[in-house]
Amino acid sequence: MTRLTALLVIALLAVGCGNSGKPSTTTAAAPAPTAAAPATTVAPPASTGAGEPVPAELAKVVRAWSEAVNRNDNAAAAALFAPGAVARQSQEYQLVDAEVATLWNNGLPCAGTVVGLRMVDVAVVATFVLGPRPQHQCDAPGARAGAAFVIKDGLIVLWQQVAIPDDETTPAPAESTSTAPVA
């Protein structure tokens, strides 16, 4: 698919991160679904059970991504993705370059406060509490969401939305008097 065709298809699709069952109300477009993941990606974790501690360098990438999304800095969030990275949510998207990665990140309607990180196989699985995001309409404020991040050489090569176990007891984030998003 040519870059122009991909960008035209991007303009027609939207993506949301909440599980409310309602369509996203954002006007941002998402990248076109891909036929297959690039060879550099790794399969997502089979489960989201507890694992080994998360290495600091991996946790730093996940938190930096969350902080960028929370402040609606889609270019900074996109810079954390490797060229050709894959994002899997309701569909699979190949983030072929920074422009497409920026569009995909802009399509996420909610900010997400990181309330838990754990290793599962080769992925960092993050638990977020969703909340308002500047210039977006969050479709599931207060809901928990999970994403698995496979990170290579400091860049995200796979981002996949994952279920949060029903028995997870991660506390909700503390109330803040600040108006700035917290990650």
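### Overview of the sheet that holds strand β4 (residues 123-131)
Thinking step 1. Reading across the sheet, the 6 strands line up as β2-β1-β6-β5-β4-β3 and stay open at both edges, with mixed pairing between neighbours. Of all the strands in the sheet, just β2 (92-95) and β3 (111-120) have a single pairing partner and so form its edges. Neighbour to neighbour, the strand axes of the sheet diverge by 20 degrees on average, direction disregarded.
Thinking step 2. Both β4 and strand β5 (residues 144-152) contribute to a ladder of 6 bridges, which runs antiparallel. Within β5, the residue paired with T127 across the bridge is G146.
Thinking step 3. Contacting β1 (81-88), β2 and β6 (155-162), helix α4 (residues 98-106) crosses the sheet at an angle of about 140 degrees to β2.

### A short note on the pattern of salt bridges
Thinking step 1. Evaluated as defined, the whole model comprises 2 salt bridges.
Thinking step 2. Residue R88 pairs with E92 through a salt bridge whose shortest N-O separation is 2.6 Å. When sorted by exposure, R88 lands in the same class as E92, which is buried.

Cut-offs applied
- Residues numbered from 1 in each chain as written.
- Predicted model: local features only at pLDDT ≥ 70, side-chain atom pairs only at ≥ 80, totals over all residues.
- Heavy atoms only, no water.
- Pairing = 2+ DSSP bridges.
- Helix = DSSP H or I, 4+ residues; strand = E, 2+ residues; numbered from the N terminus.
- Axes fitted to C-alpha atoms, helices over the stretch in contact; angles between N-to-C directions.
- Contact = heavy atoms within 4.5 Å.
- Salt bridge = Lys/Arg side-chain N within 4 Å of Asp/Glu carboxyl O.
- Buried < 20%, exposed > 50% of the residue type's maximum accessible area, 1.4 Å probe, protein only.

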